Amino acid sequence: MKKIKDISRMLNIRKDEESLVSLLMAYSFFMGGATALFYTVVASSFLMSFDRLMLPQVYVVGGVFVYLLGLGLTRIQKRIPFNRLGENALLFLIVSIAVFLVIYHLTGSKWVFFFLFIWNRIFVLVNGVTFWAVVVKLFNFQQSKRLSSLINSGEVFSSVIMYLAVPALVKILPIDSLLILAVGFLIVCAVLLRKIHKRHVTTDHTRIEIKPKPAEHVATDAVDPKYFRNIFLLALLPVFALFYVEYIFFTESRNVFPNKESLASFLGFFFGISAILEFFIKTFFYNKLISKYGLKLGILILPLSLVFSFAVSVIYGLGYDTAAIFFACIALSRFFMSAVRKAIAEPAYQVLYQPIQARFRLNVQGRIEGRAKAMGGLAAGVLLFVLVNISRMDALQLAILFLVVAVCWTFVAFVGENSYKKMVRDKIFNFPEKSKKNASYTPGQAISEKPFEQLINQIFSPKEEDRIEAALGLGSTNRFLSYKYLIPLLQDPNKRVREAAIYTAGELKRAELWPFLMEQMEADRYFTVAFDALVKSGPPLLKYIEKSFLSNEDNRYRQLHLLKIVEQIGGPEAIRFLRRNLENPNRFVKDKVLEALRNLRYTCNTTEQTFMLNELDEHLKTFAWLLSAQHDLSDAYEPESQLMLNLERERMRIMRKAFIVLEAVYGSRFHAVTLLKGDQATDARDYLTEICDLLLPENIKNKVLPYLDSDSLDEMRRRYAEIYPLATLSVEERLIDIINKDYTRISRWTKAVAIKELRHFDAGIVTPVLVANAVSRSKIISETSFYVLRIVNPARFRSLMEAMTRKNDAFHIEIMKPLEWLSTEEDLLVSKLRRLRETHALGGLLSGELQKVLLTSAYFQEESGEVVDLRKHLSDGDVSILVTYGKLFFSKIGALEAGNIRNVAELTAMGVAMIPNVLEDTEFYIIENFLLKDLNIRQNVEESVEIH
């Protein structure tokens with residue numbers, strides 16, 4: 001059992017996939033064996049039974065028949081579930097071959113092999129509606145990429161065995177009897193297919209989708225016509241070449257091996273060696289070749305190989321006629337069509353469908369491959385019929401003509417690869433529009449046109465309306481010194497007056513007022529209106545900002561505010577200012593600079609690229625560390641626990657930073673990362689994977705792709721562990737590791753959640769960590785550390801409190817005193833933040849924004865049955881009530897439940913008394929409306945519940 005688990009892990013098979021993968025591999029094995037036997041026996045029998053002139057005719061008849069059969073299957077597919085269709089198609093194949101064998105043994109007619117040769121094509125069609133239909137229906141995109149090659153390996157192994165066994169089998173059994181063995185293999189396939197459907201196919205898989213548009217119109221809507229034409233030709237030409245080369249190969253083989261047994265032995269040996277080489281190319285070389293040389297090699301390698309082999313054969317044939325070397329070159333071409341086509345060209349061709357939208361991709365792929373491949377075979381048959389039966393061309397002349405076709409094919413492949421690059425680069429996504437914030441301040445009254453002197457007299461009026469009128473009117477007086485009279489109003493204690501003065505200062509754009517506006521930005525209440533006022537000054541403000549920026553090196557928050565203004569102003573001067581601060585020693589500032597440059601669509605130069613890529617590496621290193629932390633804690637904590645949710649948010653946050661760097665270095669195409677959680681996630685992931693292949697250097701691509709194309713977090717962690725050394729730690733060690741992580745890499749909130757979990761561990765180990773973090777200047781970290789310390793080591797808590805009292809450390813004493821009687825962790829800041837995050841309207845806020853709501857709002861926690869008089873807490877009434885849990889009952893509107901945000905001014909206008917009854921234990925906040933406006937939080941998120 002352990003060996004099976006080890007093998008599954010080595011092959012990257014999950015536990016829930018083992019049964020299905022093993023059944024599919026078995027099916028693939030027996031189907032591959034049946035196909036190999038059938039093809040070898042039927043091809044050799046047909047070649048011995050008919051003249052070479054019959055080959056083009058069978059190609060034409062087969063092409064028409066398969067095309068019509070494909071159309072019929074497409075129509076039936078719309079009417080019956082795929083599992084029933086697959087079983088019936090396989091039954092049809094078994095019965096039809098059995099009937100042909102009976103007819104042959106009864107009549108001995110050689111025409112049976114004419115039809116059986118056509119039936120070679122039916123094998124491919126049936127495999128598509130059985131084996132590959134199961135893969136498409138039961139596997140998602142990532143599973144298909146990970147497992148398709150593995151489950152198809154069964155077919156490769158059995159093909160090798162059967163092809164190489166044919167020379168030995170024909171000495172023991174009559175060659176025609178080998179077809180009975182092929183039928184036996186197909187019967188085993190039918191049993192396995194029935195098991196697969198019974199065990200793994202559900203009603204959801206078999207539901208028939210009714211499409212609003214006919215399939216014929218899908219390609220027109222989904223794909224650029226030029227690109228559609230290119231990939232159509234690249235699907236048609238390999239099939240055309242296969243039949244054309246196969247004709248020359250078969251006719252020359254028949255000349256070299258004149259009897260049925262020797263021909264069958266040769267074909268078996270030849271295709272067996274081809275299958276072995278195909279396996280080795282697919283297993284050991286395909287990924288390396290594509291990774292190093294890209295899609296271009298995958299598409300060009302087959303036509304270039306054929307140009308080489310046919311050029312040699314033509315040159316030799318023209319000089320020495322069609323002797324042994326000519327046949328060797330033709331055999332080499334047929335080898336290319338077997339091994340190189342299957343191992344490299346076909347998998348590479350499938351990548352051409354990736355730029356097509358995921359919801360259209362399967363329909364477009366079915367339409368192109370179904371029709372193009374049928375038309376390719378039909379075109380080869382018709383052309384060969386004309387050239388051989390009418391024009392009487394010999395093998396050398398046919399080779400010369402195909403050399404011209406191969407050269408044209410090479411050109412088509414080159415054009416197709418370029419159009420693929422263009423499709424990927426020009427792919428359009430529907431990015432959600434950023435929610436536009438309402439203007440922070442708009443005058444609520446008409447701007448006064450009173451004389452300048454009268455407005456000056458109103459500046460110190462005791463009436464609020466007079467001062468507001470003066471503040472707004474000074475902006476339209478056109479007096480040079482009017483700004484001086486605005487200064488007292490910028491310091492007015494009345495909120496409305498000060499907002500009007502800040503607004504006017506922005507309209508005046510005077511440099512003398514900039515210092516006063518900067519002061520106003522320090523207060524949360526006036527931050528947004530002052531920010532907008534400063535932005536109005538435009539580029540002339542940037543020189544002043546640069547001086548202020550340098551003088552505020554110790555004030556990170558002021559610097560971040562200034563960077564926001566610079567970004568909002570924009571333009572070449574703003575970009576130059578940001579570039580000068582790319583290597584700022586403060587990581588928060590550096591991240592904001594990069595984000596601002598990205599938002600201004602700046603792409604860095606070669607000098608800056610080295611620095612930015614170092615930043616990218618640091619972000620990805622932190623991302624890998626977070627993956628390791630999640631892995632180490634996964635057994636001890638549920639995915640829905642606060643710690644694991646916070647780590648998940650940290651992981652997504654750090655990867656967003658990494659992609660901001662990629663945008664700044666390689667262009668805006670990497671902005672598609674923002675769509676990985678929405679309806680366009682599949683398209684965005686596929687697109688980003690291809691963009692990485694096209695644009696990123698090898699060393700960068702290898703660090704980004706594990707995030708994009710890993711099927712699970714475990715796989716992602718394993719792949720990153722190969723790039724960045726990751727330690728495996730115990731739960732206790734990992735929690736301490738999170739707490740000690742550089743605070744510029746992980747948020748204080750996540751650290752606080754990890755600190756809270758230390759209460760479950762031995763006091764002797766965790767006390768030093770708790771004491772070190774208790775003296776932090778971060779309120780959330782300090783409070784959580786003191787709380788846990790009081791639980792695990794009360795004596796140390798008391799001694800610390802005494803030390804803080806002696807030092808007169810007011811900040812920490814204020815935190816510690818409530819903890820003496822605090823009985824539950826639900827009262828901690830870290831728990832309050834969690835409940836705020838769980839509120840629907842606040843769920844999208846960043847951690848810093850949530851903490852701003854928490855620390856600047858009035859907090860209430862009331863027990864059931866209480867009556868709360870809120871009137872004394874409402875100040876001027878420009879506030880709202882947010883309920884996080886419980887119920888408050890107000891007259892006239894009923895109950896406000898968890899998630900409600902209601903404007904107090906609106907409630908008061910409705911005659912609602914601000915003295916609610918507490919229906920059950922309730923937590924709520926009184927929040928300033930300016931803060932809700934700044935954070936773009938909607939009110940009335942949930943309607944109140946009327947109680948009668």
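Note that the structure is predicted; figures quoted are calculated from it, not measured.

> Tell me about the pairing of strand S3 (residues 894-897), residues and numbers included.
Across four bridges, strand S2 (residues 879-890) lies against S3 in antiparallel orientation. Note that in S3 the partner of Leu-888 across the bridge is Leu-896. The hairpin turn running from S2 into S3, its antiparallel successor, is three residues long, and Lys-892 in that turn takes a positive phi close to 75°.

> Report on the confidence of the model for the chain, specifying residues and quantitative values.
In the predicted model, the chain carries a mean pLDDT of 82, and the fraction of residues at 70 or more is 89%. Confidence, read as mean pLDDT per element, is least for helix H10 (residues 215-222) in the chain (49) and greatest for helix H32 (residues 731-740) (93). Within the model, the stretch residues 941-948 combines pLDDT values under 50 with 24 contacts to residues more than four positions away or in other chains.

> I'd like a rundown of a negative patch on the surface, residues and numbers included.
Judged by side-chain charge, Glu-863, Glu-866, Glu-920 and Asp-921 come together as a negatively charged surface patch. For Glu-866, the location among the structural elements is in the loop between strand S1 (858-862) and S2. Judged by its relative accessible area of 38%, Glu-866 is partly exposed.

> Just give me the short version of the packing of helix H23 (residues 541-551) against helix H24 (residues 556-569), but keep the residues and values in it.
Across the interface, H23 lies against H24 with an axial gap of 10 Å and an inter-helix angle of 160°. Judged on the interaxial angle alone, H24 and H23 are roughly antiparallel. In this structure, the crossing between H23 and H24 has a hand that is left-handed. Facing H23, whose interface residues are Leu-541, Leu-542, Ile-545, Ser-548 and Phe-549, H24 presents Arg-558, Gln-559, Leu-562, Leu-563, Ile-565, Val-566 and Ile-569.

> Give a description of unusual backbone geometry that names residues and reports values.
A positive phi is found at Lys-509, a non-glycine position, where the angle reads about 55°. Position of Lys-509 among the secondary structure elements: in the loop between helix H20 (495-508) and helix H21 (514-521). Judged by its relative accessible area of 48%, Lys-509 falls in the partly exposed class. Within the chain, Lys-892 stands out as a residue other than glycine whose phi angle is a positive 75°. Along the chain, Lys-892 turns up in the loop between S2 and S3.

> I'd like a description of the pairing of S2, backed by residues and values.
Counting buried positions along S2 yields nine of 12 residues, so the element is predominantly enclosed. Of the strand pairs in this sheet, S2 and strand S5 (residues 917-928) are connected by nine bridges, and their pairing is antiparallel. By the bridge assignment for S5, Leu-882 is matched with Tyr-925. For S2 and strand S4 (residues 901-903), the ladder comprises three bridges, and the chain directions are antiparallel. Among the inter-strand pairings, Ser-880 is bridged to a residue of S4, identified as Asn-903.

> Quick rundown of helix H28 (residues 642-666)? Include the residues and the values.
Here H28 contains 25 residues, and its C-alpha end-to-end distance of 36 Å stays within 8% of the 36 Å for a straight helix at 1.5 Å per residue. Extensive coverage of H28 is indicated by the burial of 20 of its 25 residues. At the exit of H28 stands Gly-667, carrying a positive phi of roughly 110°.

Quick notes on the rules
Residues numbered from 1 in each chain as written. Predicted model: local features only at pLDDT ≥ 70, side-chain atom pairs only at ≥ 80, totals over all residues. Heavy atoms only, no water. Pairing = 2+ DSSP bridges. Helix = DSSP H or I, 4+ residues; strand = E, 2+ residues; numbered from the N terminus. pLDDT = per-residue confidence, 0-100. Contact = heavy atoms within 4.5 Å. Patch = residues over 30% accessible without salt bridge, like charges linked within 9 Å, V, L, I, M, F, W, Y side chains within 5 Å. Areas by Shrake-Rupley, 256 points an atom, 1.4 Å probe, with all protein chains shown as cover. Salt bridge = Lys/Arg side-chain N within 4 Å of Asp/Glu carboxyl O. Lys, Arg positive; Asp, Glu negative; His and termini not counted. Charge placed at Lys NZ, Arg CZ, Asp CG, Glu CD. Buried < 20%, exposed > 50% of the residue type's maximum accessible area, 1.4 Å probe, protein only. Axes fitted to C-alpha atoms, helices over the stretch in contact; angles between N-to-C directions. Parallel < 35°, antiparallel > 145°, perpendicular 65-115°, else oblique. Left-handed = near helix turned anticlockwise from the far one by under 90°. Expected span 1.5 Å × (residues − 1).

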